[in-house]
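# Notes for the structure review
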Amino acid sequence: MARRIEHHTTSPHSAEKVYGAMVDETYLRDRLAEIGGPGAALVTFSSTDERTSYQLKQGVPAEHVPSAVKAVLGGDLVIQRTETWAAGAGTVEVAVGGVPSRLEGSFTVLDNGSGSKLTLMGEVKVSIPFVGGKIEKLIAEQVVVLLDKESEFTSQWLANRG
């Protein structure tokens, strides 16, 4: 059984500026350095006038992982995240190392009053009998925490660039 995710974050910056950050290689490297966790890296990055794609590697330390899930993982939670952005919208695919799982979803960035709103709509699926639901819940919770941290970082990063 899959778990649906719908999460919204807001920014005091316009959708155009937030989208600009989401497709900026320097921003991605800065974000990973600040909040990417153990072993964080920008694995690939490619950009054209129409489309930007990249793969990120992020980590969640084992001490932040519930014991039932830690037994399956055997250590830190390692996340491979691939995003493709075009015209203010993006897609995301996430795989968790050592776990037969997948998160697939889409992002939109839209102006919202004097700022903007970033929305993730997605689904987490873990194919492990008995503990799959617990791992789906953990992944969904960690995605929400991560998106909130990324939103705070993005607002600060953009504010520092005037």
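Model, not experiment: these values are computed from the prediction. (Residues numbered from 1 in each chain as written. Predicted model: local features only at pLDDT ≥ 70, side-chain atom pairs only at ≥ 80, totals over all residues. Heavy atoms only, no water.)

Each helix and strand counted, the chain has four helices and seven strands in total. Start at the N end of the chain and walk to the C end: the helices and strands fall as β-α-α-β-β-α-β-β-β-β-α. Since a compact globule built from 162 residues should have a radius of gyration of about 15 Å, the 16 Å found for the chain is in line with a globular shape. The principal-axis extent of the C-alpha atoms belonging to the chain is close to 45 × 30 × 25 Å. Relative to its full complement of 162 residues, the chain shows a buried share of 43%. For the chain, the computed accessible surface area is about 8,400 Å², with 52% contributed by carbon and sulfur atoms. With 16 positive and 20 negative side-chain charges, the chain shows a separation of 6 Å between the mean positions of the two kinds. (Helix = DSSP H or I, 4+ residues; strand = E, 2+ residues; numbered from the N terminus. Rg over C-alpha atoms; globule rule 2.2 N^0.38 Å. Buried < 20%, exposed > 50% of the residue type's maximum accessible area, 1.4 Å probe, protein only. Areas by Shrake-Rupley, 256 points an atom, 1.4 Å probe, with all protein chains shown as cover. Lys, Arg positive; Asp, Glu negative; His and termini not counted. Charge placed at Lys NZ, Arg CZ, Asp CG, Glu CD.)

Take Ala15: it is sitting in helix α1 (residues 15–22). The spacing of Ala15 and Lys117 is 102 residues in sequence and 7.3 Å in space, taken between C-alpha atoms. Ignoring sequence-local partners within four residues, the contact set of Ala15 consists of Val109, Leu110, Asp111 and Ser116. (Contact = heavy atoms within 4.5 Å.)

What follows deals with the pairing of strand β3 (residues 52–60). Sheet analysis places strand β2 (residues 41–47) next to β3, joined by six bridges and oriented antiparallel. The residue bridging Phe45 from the neighbouring strand is Tyr54, located in β3. Bridge count between β3 and strand β4 (residues 77–86): nine bridges; the pairing is antiparallel. Bridge pairing in β4 places Gly59 opposite Val78. (Pairing = 2+ DSSP bridges.)

Turning next to the sheet that holds β2. Taken in spatial order, the seven strands line up as β1-β7-β6-β5-β4-β3-β2 in an open sheet, and their pairing is antiparallel. Each of the sheet's edge strands pairs with one partner strand only, and the pair in question is β1 (3–11) and β2. Within this sheet the neighbouring strands show an average axis-to-axis angle of 20°, counted without direction. Pairing analysis gives nine bridges linking β1 to strand β7 (residues 115–126), with the strands arranged antiparallel. Each bridged residue has a counterpart across the sheet, and for Thr10 the counterpart in β7 is Lys117. Strands β1, β3, β4, β5 (89–96), β6 (101–112) and β7 of the sheet are contacted by α1, whose axis makes an angle of about 145° with β6. Here helix α4 (residues 132–159) sits on the sheet and contacts β1, β3, β4, β5, β6 and β7; the angle it forms with β1, its principal contact strand, is near 10°. (Axes fitted to C-alpha atoms, helices over the stretch in contact; angles between N-to-C directions.)

Despite not being glycine, Ala87 shows a phi value in the positive range, around 50°. Looking at the element boundaries, Ala87 is found in the loop between β4 and β5. Among the residues examined, Ala87 registers a relative accessible area of 77% and is labelled exposed.

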